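Chain and residue survey
In case you want the letters, here they are:
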Amino acid sequence: MIKRLISSDSKFFYLLDENMQTTHKVDMSSYMAGLDTVIFDPFKGPENFFAGSEKKSSGTAEDPRHFYSFRCVDGIVSEFQDHDINHILSKWSTPQLESFCFNPAGELVLLEDHPQNKLYFCSFVGGVVTLLRSLELGQFGLSSAQSVCYVPWMDAYLVSDNYLDKLMVISESEGIIDEILLNRISVIPTNCQGVAVDYETRNIFLTSYVPEDAVIELTFGGKEVNYYPQSVWETTPAQPYDNPTSIDIFQNPFR
């Protein structure tokens, strides 16, 4: 049974079982200029997905940023749709969409890294993304935010940063409500990337690429539970560059 997925800078994403073994490796290079984040659609089931890229959709200076939805059955992509979010991100020349998630209100939460470090809370109706409000992350000490996921039992967001050795739990109304230090992991990550939480166990799954491509499972207290090197899910070397940029878990939404 598909339980988790990992996306990669090498334009692949991996569907995995509960043991982190790959069931399908999906090539997105014919659909997107640069794959970054992929998540399950939390409302429609394990064959429906959303994707995003910190790169422009065609790599040209004039092209806007986009957010994507699609289906994937037995590793075959279909019903690929392109949703324009250029009007949402900052008006700088190089905004970077790093990550996104959904909250219980059905809002799409977009995470921009450069140059704003900001969360954008949006409605997503009929394929149209509309900005509702935003939250500056620089005020919490984040300078290169990489990933965001919703934590239902805290009504807050777990955020990773490329330059921090900790994860931040941020409430939209209260600010920082917890910090999870990463100094008790067997191979300490120095470039945190994707984050997800398992609603049943309340464990965190964190991806990193320095000092090596890996996924770390840890408790909310920061204690390591499992460490998965890249060879667990990628049995043949990805070329030319892998970097597990995001991770997600298929589960009942917001339990």
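The sections below set out a description of the structure shown in this document. These figures come from a predicted structure and were not determined experimentally. (Residues numbered from 1 in each chain as written. Predicted model: local features only at pLDDT ≥ 70, side-chain atom pairs only at ≥ 80, totals over all residues. Heavy atoms only, no water.)

1. Points about the overall build of the protein
- Helix and strand counts for the protein stand at zero helices and 20 strands.
- Taking 255 residues into account, the globule formula puts the C-alpha radius of gyration at 18 Å, and the protein, at 17 Å, falls close to it.
- In terms of overall dimensions, the protein has C-alpha extents of about 45 × 40 × 35 Å along its principal axes.
- For the protein, buried positions account for 56% of its 255 residues. (Helix = DSSP H or I, 4+ residues; strand = E, 2+ residues; numbered from the N terminus. Rg over C-alpha atoms; globule rule 2.2 N^0.38 Å. Buried < 20%, exposed > 50% of the residue type's maximum accessible area, 1.4 Å probe, protein only.)

2. Regarding the sheet that holds strand β5 (residues 48-52)
- Taken in spatial order, the four strands of this open sheet run β4-β5-β6-β7, and their pairing is antiparallel. Each edge of the open sheet carries a strand with a single partner, namely β4 (37-40) and β7 (76-84). In this sheet, neighbouring strand axes are inclined to one another by 25° on average, regardless of whether the strands run parallel or antiparallel.
- Of the pairings in the sheet, the one linking β4 to β5 comprises four bridges and is antiparallel in character. (Pairing = 2+ DSSP bridges. Axes fitted to C-alpha atoms, helices over the stretch in contact; angles between N-to-C directions.)

3. Details of the sheet that holds strand β13 (residues 156-161)
- The sheet built from four strands is open, its strands ordered β12-β13-β14-β15 with antiparallel pairing. Strands with a single pairing partner mark the edges of an open sheet, and in this sheet they are β12 (145-151) and β15 (175-181). Across this sheet, the average inter-strand angle for adjacent strands is 25°, counted without regard to direction.
- As defined by bridge partners, β12 adjoins β13 across six bridges and the pair is classed as antiparallel. Opposite Ser147, over in β13, you have Ser160 as the bridge partner.

4. Quick look at unusual backbone geometry
- In the segment running from Val210 into Pro211, the intervening peptide bond is cis, with an omega of 10°.
- Relative to the helices and strands, Pro211 is located in the loop between β17 (204-208) and β18 (214-218).
- One non-glycine residue, Glu79, lies in the positive phi region at around 55°.
- Assignment of secondary structure puts Glu79 in strand β7.

5. Overview of the pattern of salt bridges
- Across all of its chains, the model carries seven salt bridges by this definition.
- A salt bridge links Arg71 to Glu47; the shortest N-O distance between them is 3.0 Å. Placement of the pair is Arg71 in strand β6 (residues 66-73) and Glu47 in the loop between β4 and β5, with a sequence separation of 24 residues.
- Among the residues examined, Glu47 registers a relative accessible area of 34% and is labelled partly exposed.
- Between Glu179 and Lys166 there is a salt bridge whose closest N-O contact spans 3.1 Å. Here Lys166 lies in strand β14 (residues 166-171) and Glu179 lies in strand β15, a separation of 13 residues in the sequence.
- Residue classification places Glu179 among the partly exposed positions, given a relative accessible area of 36%.
- One connected set of salt bridges, linked through shared partners, spans Glu47, Arg71 and Glu79. (Salt bridge = Lys/Arg side-chain N within 4 Å of Asp/Glu carboxyl O.)

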